[in-house]
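# Per-entry structural report
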Amino acid sequence: MVTIAKEKTAEEISEELLEKEIEKELVETREQRIEREKEEEKERSILSWVPKTKLGKEVKERKIKNIDDILSSGRKILEEQIVDSLLNLKSDLLSIGQSKGKFGGGKRRAWKQTQRKTKQKNVPTFSTMAVVGDENGHIGVSMGSAKETLPARDKAIRKAKLNIIKIIRGCASFDCACSEPHSVPFKVEGKSGSVRVILIPAPQGTGLVVANELKKILKLAGIKDVYSKTFGYQRTTFNLVQACMDALKKTNTENRKQ
Ligand SMILES: [Zn+2]
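Conventions we followed
The numbering scheme is per chain: residues are counted from 1 as the chain's sequence reads. For this predicted model, a pLDDT threshold of at least 70 governs which residues receive local features, and a threshold of 80 or more governs which side-chain atom pairs are given and counted, while totals over whole chains, interfaces and linings are taken from all residues. For the domain bounds, the source is a domain assignment made automatically or taken from a database. Residues are defined as contacting one another if the C-beta atoms placed from their backbone atoms lie within 7 Å. Strands are runs of DSSP state E lasting at least two residues, helices are runs of H or I lasting at least four, and both sets are numbered from the N terminus onward. Under the definition applied here, buried Ala, Val, Leu, Ile, Met, Phe, Trp, Tyr and Cys residues are grouped into a nonpolar core through C-beta atoms within 7 Å. For the exposure call, what matters is how many other C-beta atoms sit within 10 Å of a residue's own: 20 or more marks it buried, 12 or fewer exposed, and in between partly exposed, using C-beta atoms placed from the backbone. Expected helix span is computed as 1.5 Å times (number of residues minus one).

### Topic: the domain arrangement of the protein
One can read the domain layout of the protein as domain 1 (30-86), domain 2 (90-166) and domain 3 (188-257). Of note, the centres of domain 2 and domain 3, computed from C-alpha atoms alone, are 20 Å apart. Taken together, the 16 residues of domain 2 in the interface contact 14 residues of domain 3. Mapped onto the side of domain 2 that touches domain 3, the elements with two or more residues apiece are β1 (90-94), β5 (122-133), β6 (138-146) and β7 (165-166).

See below:
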């Protein structure tokens, strides 16, 4: 066997390497590729970022390494790259709109479509609500609107990054004695419009007992187990989400002071 290995020419070895590489590329699925490309683009945008604000310069020069320092100092974040370079964020869209027309319509959709009428035509506007989080206690939500869907999404994600808050997680359920931050530390209540949301600590393994749209938020915030109660007109996703964010804000006493 050893002799065969020795007999291999350089050409054969290089061919083998090539084959392995091709195999690797095939193993990488489309989703993984998109994920990797996104990551590369993010890195590039951070590298080519020229900060305009004082805070941005401090972050770029690595004077500030922890986003919590910024959040607790109460300084306003005006550049999304600040958040991007300090946190590894994931994003999701919340269904605030409904589809129109055929097949009954009224289905939940991420884009809310509205129209402005002019003399010549109707001008549609798309708005959406994005949530960003690092699954480790940082979460931000915002609306964005534009003439087309994708710019609206980008705007919403950018604004959500600027709106980022720190939440405190914990385990305070009476029948769970672990010390991992998998739930809310105590009962919190949030309100927006007519909607009230109460988040209650739950033992490990409970899962998220909340409305579907709120699941996306809590998951990105890094909360795994929670019970909830909601009151009011919950079909207004906007208010439901704002109430949930209000409740999450109250887990952090620093937020309460502001
Ligand atoms: Zn626990």
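Structure's up, so let's keep going.
### Comments concerning the nonpolar core
The biggest cluster of nonpolar side chains holds 46 residues, and the ones touching the most others in it are V131, I217 and C244. Of all the secondary structure elements, the ones that give two or more residues to this core are α6 (80-86), β5, β6, α7 (149-162), β9 (195-201), α8 (212-221) and α9 (237-249). Element by element, the count of residues in this core is highest for α9, at seven residues. Setting aside residues up to four positions removed in sequence, I217 forms contacts with V131, I139, V141, V241 and C244.

### Considering α9
For α9, built from 13 residues, the straight-helix expectation of 18 Å at 1.5 Å per residue is met to within 8% by its first-to-last C-alpha distance of 18 Å. Residues of α9 that are buried make contact with β1, β5, β6, β8 (188-192), β9 and α8.

### A closer look at α8
Within α8, seven of the 10 residues are buried, which leaves the element mostly enclosed by the surrounding structure. Of all the positions in α8, only E213, L214, K216, I217, L218, L220 and A221 are classed as buried. Buried-residue contacts for α8 involve β1, β5, β6, β10 (208-209), β11 (226-231) and α9. Positive backbone phi, at 95°, marks G222, one or two positions downstream of α8.

### Considering the environment of C176
Locating C176 in the fold gives a position in the loop between β7 and β8. Classification of C176 by C-beta neighbours within 10 Å gives partly exposed; the count is 18. In the structure, C176 is positioned 120 residues away from G56 in sequence and 42 Å away in space, judged by C-alpha atoms. Residues contacting C176, with those up to four places away along its chain left out, are C171, P203 and Q204.

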